[in-house]
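# Examination of the molecular architecture
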Amino acid sequence: FWLKLGICVSLQGSEMTTWGDVREQVGYFNQYLFRGERLWGYDFQNHDVRDGDVQARPTDILPPDAFHVGFSSVVRDMWWFGKGTKNHCLRILRIYVAALLALFNTAIQAAFVYALATYVISSQTRTARHYYTEYKSHMTVDGVFNASRFDTLDTDVRDVVCKMPLSQLSLLIPVLLVWTLFVMAEMRECSDFLRRIVWGLPHADHLSEMLLLSNPDESLLYSKHGKRKWCTHDHEVLLVALHPLVRTILFLVFLLPRFIMALILLIAGNMWLIATIDYGECLINCAALEFILDIKRYLYQAVPSRLQREASGFHVIPHTAYESPNCWRFTYSFGFLLFGLCTVWIAISLQTVLPDYGWDLNGPCERYIEEHGIRVFDFLK
């Protein structure tokens, strides 16, 4: 019932409002093997969705990480409670372990952020402020900045201030943009999870109505060759609805902490990259931040193989049956790039590493690097 209801709701934009209309006009809404890909969409023998570049939507498959392993386990075990199971203690234990796995991932990231803020960012910020204060006091005469005094500045001070990323925005902006896009990809996963699953799936009155293990129509269960059309393995299930209790657990345990931690990592990472006093170290630190963000994928390798199989076989019914081409679907990814550039501009404008920064390092340091730097590609001349 919920499968039929979800499909009919997803087709509200068309004239098909009943399950019978769906079956009659677009064929059985079943999963087919088409060009080597599992598709949850039309019967291609009865309806060629390629006309007009319309594409049938595949089922959403969970990415391999700790959050989605926990999500798969919670939904499966809650579904088994609704169906009736003899292993109550085991199911309860798995639900607790799944929730703890997601919270443990967030706790590790929080520990890294705390260590960075306490032992790394604060130390580098003090160093940057100390040398910039000496630079500012030497270069300012009667309240006026005098660039000609740069040659008489202490050599150690010149070396440090000219290695600050704020002195070379042509390097800092790409590094901050790459890190921002990393975090935005994490936030996009959270927003898709919220939109397609937590909010998008139909309501289930009972826990047993959330999952399907086989096709609701027995005549569709096997193809002409006697092979099952979908759920070809025991670990494959299809999520078609969510119970309110499960929605609450998913939002509070798996979604909200993950999004908040991604936002904190974005702010802390930008501060660390801006405070780093070396161009090479700035690039290395960006890679280190990506490692912190990807801890969930490393934890995935540590979970039991059965949980990995269950997560890989967990399919989510798409929120719409098909997609027609439009401007938004073709270009919305470029909006993330534009939003990332705006975020980088805000991070640089509101940076707190050098609160009294007057944007007066670039000019003198350009000449200093030109005179004392080593040109890597001089051998080509």
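Residues numbered from 1 in each chain as written. Predicted model: local features only at pLDDT ≥ 70, side-chain atom pairs only at ≥ 80, totals over all residues. Heavy atoms only, no water.

With that settled, consider unusual backbone geometry. When glycine is set aside, most residues are seen to have a negative phi, and most peptide bonds are trans. One non-glycine residue, Asp-142, adopts positive backbone phi at about 55°. Relative to the helices and strands, Asp-142 resides in the loop between strand E5 (140-141) and strand E6 (144-145). With a relative accessible area of 78%, Asp-142 lands in the exposed category. Look at Trp-359: it is not a glycine, yet its phi comes out positive at around 55°. Its place among the elements puts Trp-359 in the loop between helix H11 (327-349) and helix H12 (362-372). For Trp-359, a relative accessible area of 45% gives the class partly exposed. (Helix = DSSP H or I, 4+ residues; strand = E, 2+ residues; numbered from the N terminus. Buried < 20%, exposed > 50% of the residue type's maximum accessible area, 1.4 Å probe, protein only.)

In this structure the tally under the stated criterion is one disulfide. Between the sulfur atoms of Cys-162 and its disulfide mate Cys-365 the distance is 2.3 Å. Measuring the twist about the S-S bond at about -85°, one finds the Cys-162-Cys-365 disulfide to be left-handed. Taken together, the residues Cys-162 in the loop between helix H5 (155-161) and helix H6 (169-198) and Cys-365 in helix H12 connect sequence positions 203 residues apart. For the pair shown, Cys-162 and Cys-365 are each scored as buried. (Disulfide = S-S within 2.5 Å.)

One pass over the structure, following the stated rule, counts 10 aromatic pairs. An aromatic cluster is defined as three or more aromatic residues linked by ring pairs; in this entry it consists of Tyr-132, Tyr-135, Phe-145, Phe-150, Tyr-357 and Trp-359. When the ring centre of Phe-150 is taken as origin, the NZ or CZ atom of Arg-158, which lies over that ring, is 6.0 Å away. (Phe/Tyr/Trp six-rings, centres within 6.5 Å; stacked < 30°, edge-to-face > 60°. Lys NZ or Arg CZ within 6 Å of the ring centre and 35° of its normal.)

What follows is about helix H8 (residues 279-293). Over its 15 residues, H8 runs 22 Å from end to end, which matches the ideal 21 Å to within 8%, given 1.5 Å per residue. Where H8 is concerned, the buried positions are Cys-282, Asn-285, Cys-286, Leu-289, Ile-292 and Leu-293. Buried residues of H8, viewed axially, fall in a sector of 115°; they line one side. (Expected span 1.5 Å × (residues − 1). Arc of directions from axis to C-beta.)

Another aspect to go through is helix H3 (residues 66-83). Between its first and last C-alpha, H3 extends 26 Å over 18 residues, near the 26 Å set by a 1.5 Å rise per residue. H3 sits mainly inside the fold: 15 of its 18 residues count as buried. Between a side-chain oxygen at the N-terminus of H3 and the backbone nitrogen of Phe-67 the separation is 3.1 Å; the capping residue is Asp-65. (Polar contact = N/O pair within 3.5 Å; in protein donor to acceptor, adjacent residues only side chain to side chain.)

A few words now on the nonpolar core. Core analysis: the biggest nonpolar cluster contains 53 residues, and Tyr-135, Met-164, Trp-179, Leu-273, Leu-354 and Leu-361 have the highest contact counts within it. If one sorts the elements of this core by residue count, helix H7 (residues 244-275) sits on top with nine residues. Core analysis: the second largest hydrophobic core is formed by 36 residues, Ala-99, Val-237, Ala-241 and Leu-242 among them. (Core = buried A, V, L, I, M, F, W, Y, C linked by side-chain atoms within 4.5 Å.)

On to the sheet that holds strand E9 (residues 314-316). Ordered by their spatial adjacency, four strands build an open sheet running E4-E9-E8-E7, and the pairing between neighbours is mixed. What marks the edges here is a single partner per strand, and that holds for strand E4 (60-61) and strand E7 (211-212). Here E7 pairs with strand E8 (residues 237-239) via two bridges, running antiparallel. Looking at the pairing, Leu-211 lines up with Leu-239 of E8. (Pairing = 2+ DSSP bridges.)

All right, on to the packing of helix H4 (residues 88-139) against H8 then. Running from N to C, H4 and H8 cross one another at 150°; their axes reach a closest spacing of 9 Å. The orientation of H4 relative to H8 falls into the category roughly antiparallel. Contacts from Gln-109, Phe-112 and Leu-116 of H4 reach H8 at Leu-289, Phe-291, Ile-292 and Leu-293. Tallied by class, the residues present in the contact of H4 with H8 amount to six nonpolar, one polar and no charged. (Axes fitted to C-alpha atoms, helices over the stretch in contact; angles between N-to-C directions. Parallel < 35°, antiparallel > 145°, perpendicular 65-115°, else oblique. Contact = heavy atoms within 4.5 Å. Nonpolar A, V, L, I, M, F, W, Y, C, P; charged D, E, K, R; others polar.)

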